[in-house]
Amino acid sequence: MTIDVDKLLQTKLPTHYKKIPRLAISFLKWLICQKDMNEFVLPPIRQCEGVDFAQGMTKVLDVTFDVHGLDDIDPDGHYLFVSNHPLGAFDGICYISILGRKFKNIKVIVNDMLMHIENLRPVFLPVNTLGRQKREDMEAISQAYMSPDVQLMTFPAGLCSRYIDGRVQDTEWKKSVITQAVAAKRDIVPMYFDGRNSRTFYAVELLRRKLGIKFNIGLLLLPRQMVKTSRGKHYNIFIGKPIPYTAFDGSRTAKEWTLWLREQCYALPKSKGSEEPR
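The notes below deal with the structure included here. (Residues numbered from 1 in each chain as written. Predicted model: local features only at pLDDT ≥ 70, side-chain atom pairs only at ≥ 80, totals over all residues. Heavy atoms only, no water.)

1. Some words on the overall build of the protein
Part 1: If you tally the helices and strands in the protein, you get 10 helices and nine strands.
Part 2: Burial statistics for the protein: of 278 residues in total, 49% are counted as buried.
Part 3: Once local pairs closer than 6 in sequence are excluded, the contacts in the protein between residues at least 24 apart make up 74%. (Helix = DSSP H or I, 4+ residues; strand = E, 2+ residues; numbered from the N terminus. Buried < 20%, exposed > 50% of the residue type's maximum accessible area, 1.4 Å probe, protein only. Contact = heavy atoms within 4.5 Å.)

Shown next, in the form of structure tokens:
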């Protein structure tokens, strides 16, 4: 595996690639730490795949965790793990590393841009956030939801956390997290990842919104956050008790249940577990 900005741009923007100034491409390579990734992060784990690759990346970046509640999860359950999304990409890698210790087959629903990390393709299910979803990708996600042998994980916000109402938090969660779990008869396991990106990341995001720029600039900053900001960090991760899919009944709408679930995740650092629905 090698990070190749030129190849990525040619794939995602085939009709515009030749018009992009070389200086802009060089800046993008610097921004995503292409040299650091190819010379420092990837060489020791280049031959690894899936969970092994994720675990290797956390070791290369000297990232450690305290995981609260994982021992209380039945390894034979049928789950949809859901979490806040503070780091935007690396938190997913950390979750793969952690959940991969307990479950044989874990799949994470991700932005299709991350499929360019070829070594993680065995554990990724791509979603196209910039255009029409490919039929084969939709079918793969549907099959994974219904498979009794697959444990699924998703970030219901779909986007990295940002400053909202004076604090770093997720954007609104998508109600499909409830409807799909119920349809597939999957119990939901709420999780909370206690982490943050750099001040620069949040400042850029605030500026983007003030200027009305629609392009998700923060997406380009995520590799640098992983290599420069997360390196050497210690994170706390909280895993709540599974919530039976039958709890999400008609007493509330899917949107209301989604808001409730989000609140359960954010309450985990204090409660170290999820309350039963009332």
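2. A short note on the packing of aromatic side chains
Part 1: All told, the structure shown has 13 aromatic pairs when counted by the stated rule.
Part 2: Note on Y79 and F81: the rings are 5.6 Å apart at their centroids and 65 degrees apart in plane angle, and the pair reads as edge-to-face. Side by side, Y79 and F81 carry an identical accessibility label, which is buried.
Part 3: A centroid spacing of 5.3 Å and a plane angle of 85 degrees characterise the contact between F248 and W257, whose relative ring orientation is edge-to-face.
Part 4: Taken together, the aromatic side chains of Y95, F155, F193 and Y235 make up a single cluster linked through ring pairs.
Part 5: Seen from the ring of W257, R252 lies directly overhead, with NZ or CZ sitting 4.5 Å from the centre. (Phe/Tyr/Trp six-rings, centres within 6.5 Å; stacked < 30°, edge-to-face > 60°. Lys NZ or Arg CZ within 6 Å of the ring centre and 35° of its normal.)

3. Some remarks on the pattern of salt bridges
Part 1: Tallying each qualifying case throughout the model produces eight salt bridges.
Part 2: Where D6 meets K29, a salt bridge forms, and the shortest distance between an N and an O atom there is 2.8 Å. Linking D6 in helix α1 (residues 5-12) with K29 in helix α2 (residues 22-31), this pair joins segments that are 23 residues apart in sequence.
Part 3: The buried category is assigned to D6, whose relative accessible area is 15%.
Part 4: Linking K255 and E172 is a salt bridge whose minimum nitrogen-to-oxygen distance equals 3.9 Å. Remark: E172 occurs in the loop between β7 (167-169) and α7 (176-183) and K255 occurs in helix α10 (residues 254-271); sequence separation between them is 83 residues.
Part 5: A relative accessible area of 54% means that K255 is categorised as exposed. (Salt bridge = Lys/Arg side-chain N within 4 Å of Asp/Glu carboxyl O.)

4. A closer look at the sheet that holds strand β3 (residues 106-111)
Part 1: The sheet built from seven strands is open, its strands ordered β1-β9-β8-β2-β5-β3-β4 with mixed pairing. Looking at the sheet topology across the chains shown, the edges are occupied by β1 (64-68) and β4 (124-127). Between one strand and the next, the sheet's axes are offset by a mean angle of 25 degrees, whatever the strand orientation.
Part 2: Summarising the sheet, β1 and strand β9 (residues 234-239) pair through five bridges and their orientation is parallel. If you follow V67 over to β9, its bridge partner there is I237.
Part 3: Helix-sheet contacts for α10 involve β2 (79-83), β8 (187-194) and β9, and the interaxial angle to β8 is about 45 degrees. (Pairing = 2+ DSSP bridges. Axes fitted to C-alpha atoms, helices over the stretch in contact; angles between N-to-C directions.)

5. A short note on the layout of surface pockets
Part 1: In this model, the second largest pocket occupies a volume close to 230 Å³.
Part 2: Along the wall of the second largest pocket there are 15 residues; nearest its centre are R167, V168, Y192, D194 and Y266.
Part 3: Breaking the lining of the second largest pocket down by element, the ones donating at least two residues are β7, β8 and α10.
Part 4: Grouping the amino acids of the lining of the second largest pocket by side-chain chemistry returns six nonpolar, four polar and five charged. (1 Å grid on protein atoms, 1.4 Å probe; cavity = no way out; pocket = protein on both sides within 12 Å on 5 of 7 lines; lining within 4 Å. Points joined across faces, edges and corners; volume = space filled by probe spheres on them. Nonpolar A, V, L, I, M, F, W, Y, C, P; charged D, E, K, R; others polar.)

6. Description of the packing of α7 against α10
Packed helix pairs are characterised by how far apart their axes lie and by the angle those axes make with each other.
Part 1: Relative to each other, α7 and α10 sit at 100 degrees, their axes nearing to 8 Å. With respect to each other, α7 and α10 are oriented roughly perpendicular. Facing α7, whose interface residues are V177, I178 and T179, α10 presents A254, W257, T258 and L261.
Part 2: Residue composition of the contact of α7 with α10, by class: five nonpolar, two polar and no charged. (Parallel < 35°, antiparallel > 145°, perpendicular 65-115°, else oblique.)

7. Considerations on a nonpolar patch on the surface
Part 1: Where nonpolar side chains cluster on the molecular surface, the patch consists of L207, L211, I213 and F215 and spans about 400 Å² of accessible area.
Part 2: Tracing the backbone through its elements, the reader meets F215 in the loop between α8 (199-211) and α9 (218-229).
Part 3: When its relative accessible area of 48% is taken as the criterion, F215 is described as partly exposed. (Patch = residues over 30% accessible without salt bridge, like charges linked within 9 Å, V, L, I, M, F, W, Y side chains within 5 Å. Areas by Shrake-Rupley, 256 points an atom, 1.4 Å probe, with all protein chains shown as cover.)

8. Thoughts on the side chain of S198
Part 1: Relative to the helices and strands, S198 resides in the loop between β8 and α8.
Part 2: The buried category is assigned to S198, whose relative accessible area is 18%.
Part 3: When neighbours within four sequence positions are excluded, S198 is seen to be in contact with Q225 and T229.

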